[in-house]
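A structural walkthrough
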Amino acid sequence: AGIKRRLARVVTVRPLSAEATGDGTAARVARAEKALEGGNLAGAVTQIEGLEGLSAEAALPWLEEARRRLEAEMRLAAATEVFLAELSSAPANN
């Protein structure tokens, strides 16, 4: 019983499946990790935004950086669209 109690103090078990259910911290983090593995930063942000209390506080620096990254990606996509529209409407120089 002593080993089990000591092990419980140092080991945290959490679901690693994207199918983790519920709104608890472990389930949200597991789904966020799975979203990131699939290149879905927005999905990960959505999961982390649902954290509460100390978990939300601990995740805040990551969340702020992720939001900045998403904003930069959106601005880049918008600028690329404008550039391509202008390029396609420019007269050809032959």
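Residues numbered from 1 in each chain as written. Predicted model: local features only at pLDDT ≥ 70, side-chain atom pairs only at ≥ 80, totals over all residues. Heavy atoms only, no water.

1. Observations regarding the packing of helix H2 (residues 25–37) against helix H3 (residues 41–49)
As a packed pair, H2 and H3 sit with axes 7 Å apart at the nearest point and diverge in direction by 170°. The angle between the axes of H2 and H3 places the two elements in the roughly antiparallel class. Packed against H2, whose contacting residues are Arg-28, Val-29, Arg-31, Ala-32, Ala-35 and Leu-36, the element H3 presents Leu-41, Gly-43, Ala-44, Thr-46, Gln-47 and Ile-48 at the interface. A breakdown of the residues in the contact of H2 with H3 according to their chemical character gives 7 nonpolar, 3 polar and 2 charged. (Axes fitted to C-alpha atoms, helices over the stretch in contact; angles between N-to-C directions. Helix = DSSP H or I, 4+ residues; strand = E, 2+ residues; numbered from the N terminus. Parallel < 35°, antiparallel > 145°, perpendicular 65-115°, else oblique. Contact = heavy atoms within 4.5 Å. Nonpolar A, V, L, I, M, F, W, Y, C, P; charged D, E, K, R; others polar.)

2. Some words on the side chain of Gln-47
Within the secondary structure, Gln-47 sits in helix H3. Sequence-distant contacts of Gln-47, that is, excluding residues within four places in its chain, are made with Arg-28, Arg-31 and Ala-32.

3. Quick word on the environment of Ile-48
Assignment of secondary structure puts Ile-48 in helix H3. The class for Ile-48 is buried, based on a relative accessible area of 10%. Separated by 18 residues in the primary sequence, Ile-48 and Ala-30 have C-alpha atoms spaced 10.0 Å apart. Leave out the neighbours within four places in its chain, and Ile-48 touches Val-29, Ala-32, Ala-59, Trp-62 and Leu-63. (Buried < 20%, exposed > 50% of the residue type's maximum accessible area, 1.4 Å probe, protein only.)

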